[in-house]
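One-letter residues, chain by chain:
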Amino acid sequence: MGFFKKLVGTGLATAATAAVGTFATDPSTPWYKTRKKPQWQPPEEVFPIAWTGLYVLIAGSSARVLAKLDEQQSRALTKSKQEEVEAERTSFKRSLGINLALNAGWSILFWQGKNLKLATVEAVALAASSAGLMARSGKVSTGAGIALVPYAAWTAFAAALAGKIAQLND
């Protein structure tokens, strides 16, 4: 039951992130249509499909990590070990929250702010945060860490793409 309760929470958090990103994004605007883009940019239709799958992975992996930390805490034999696990849970939640804020923030900076350079810097921060979240998850649950490999890879690709778009339109 612990995993499903955690999944509701992480699912709501990722759904909120997805909603902000969706509402901020509009590839049909004249501004975006007139931006130069590299030939290696995927078709527009790929992005919502990829992000939907990635959000599912984020929610599921994060729920798994939090449920595993709950299990570790309940099995801890000493108060100091319980406190150590609680600190890890708090730190993981903070990292997840920062990651999701960066995730939603990129869409706002790029699509609404039309600030290509700042959006690129933010995308690099998101990629680093995603890699960190993947590594943290893997320390608690190998499967959860592996499940976040596509997210870390996609955000690294997105950072490169944002940087190239900024460069082409400088």
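Residues numbered from 1 in each chain as written. Predicted model: local features only at pLDDT ≥ 70, side-chain atom pairs only at ≥ 80, totals over all residues. Heavy atoms only, no water.

- Labelled according to an unreviewed UniProt entry, the chain appears under the name Tryptophan-rich sensory protein, originating from Trueperella bonasi.
- You can read under Subcellular location (unreviewed entry) in the UniProt record for the chain the words "Membrane".
- Its UniProt record, at the heading Sequence similarities (unreviewed entry), says of the chain: "Belongs to the TspO/BZRP family." (UniProt positions renumbered as here; feature names shortened; annotations may be inferred.)

Structural notes on the overall build of the chain
Turning to step 1, where the next piece is worked out: For the chain, the helix and strand inventory stands at seven helices and zero strands.
Turning to step 2, where the next piece is worked out: Beginning at the N terminus, the succession of helices and strands in the chain can be written as α-α-α-α-α-α-α.
Turning to step 3, where the next piece is worked out: Dimensions of the chain, computed from C-alpha atoms along their principal axes, come out at roughly 60 × 25 × 25 Å.
Turning to step 4, where the next piece is worked out: Across the 170 residues that make up the chain, the buried fraction comes to 39%.
Turning to step 5, where the next piece is worked out: Working note: accessible area of the chain is about 9100 Å², and carbon and sulfur atoms make up 66% of it. (Helix = DSSP H or I, 4+ residues; strand = E, 2+ residues; numbered from the N terminus. Buried < 20%, exposed > 50% of the residue type's maximum accessible area, 1.4 Å probe, protein only. Areas by Shrake-Rupley, 256 points an atom, 1.4 Å probe, with all protein chains shown as cover.)

Observations regarding the UniProt feature "transmembrane region" (unreviewed entry) in the chain
Turning to step 1, where the next piece is worked out: With numbering matched to this structure, UniProt assigns "transmembrane region" (unreviewed entry) to residues 48-67.
Turning to step 2, where the next piece is worked out: The annotated region residues 48-67 carries 100% helix and 0% strand content, and the separation between its end C-alpha atoms amounts to 28 Å.

Describing the packing of helix α1 (residues 2-24) against helix α3 (residues 46-75)
Turning to step 1, where the next piece is worked out: Running from amino to carboxyl end, α1 crosses α3 at an angle of 145 degrees, the nearest separation of the two axes being 8 Å. Crossing of α1 over α3 shows right-handed handedness. Contact residues: Gly 2, Phe 3, Lys 6, Leu 7, Thr 10, Gly 11, Thr 14, Thr 17 and Ala 18 in α1; Tyr 55, Ile 58, Ala 59, Gly 60, Ser 62, Ala 63, Arg 64, Leu 66, Ala 67 and Asp 70 in α3. (Axes fitted to C-alpha atoms, helices over the stretch in contact; angles between N-to-C directions. Left-handed = near helix turned anticlockwise from the far one by under 90°. Contact = heavy atoms within 4.5 Å.)

Brief notes about the nonpolar core
Turning to step 1, where the next piece is worked out: Ranked by size, the top nonpolar core spans 21 residues in total, and within it Trp 51, Ile 58, Val 65 and Tyr 151 carry the most contacts.
Turning to step 2, where the next piece is worked out: Contributing elements (two or more residues each) for this core: α3, α4 (79-112), α5 (116-140) and α7 (149-168).
Turning to step 3, where the next piece is worked out: If one sorts the elements of this core by residue count, α3 sits on top with eight residues.
Turning to step 4, where the next piece is worked out: In contact with Ile 58, other than residues within four places in its own chain, are Thr 14, Leu 96, Leu 100, Leu 148 and Tyr 151.
Turning to step 5, where the next piece is worked out: By size, the runner-up hydrophobic cluster in this structure holds 14 residues, among which are Trp 106, Trp 111, Ala 127 and Ile 165. (Core = buried A, V, L, I, M, F, W, Y, C linked by side-chain atoms within 4.5 Å.)

Observations regarding the packing of aromatic side chains
Turning to step 1, where the next piece is worked out: Summed over the entire model, instances satisfying the criterion amount to 12 aromatic pairs.
Turning to step 2, where the next piece is worked out: Taking the centre distance of 5.7 Å and the plane angle of 65 degrees together, the rings of Trp 40 and Phe 157 count as edge-to-face. On the criterion of sequence distance, the pair formed by Trp 40 in the loop between α2 (30-33) and α3 and Phe 157 in helix α7 is long-range, its members being 117 residues apart.
Turning to step 3, where the next piece is worked out: Among the aromatic residues, ring-to-ring pairing joins Trp 31, Tyr 32, Trp 106, Phe 110 and Trp 111 into one connected group.
Turning to step 4, where the next piece is worked out: Between Lys 37 and the ring centre of Tyr 32, over which it is positioned, the NZ or CZ distance is 4.3 Å. (Phe/Tyr/Trp six-rings, centres within 6.5 Å; stacked < 30°, edge-to-face > 60°. Lys NZ or Arg CZ within 6 Å of the ring centre and 35° of its normal.)

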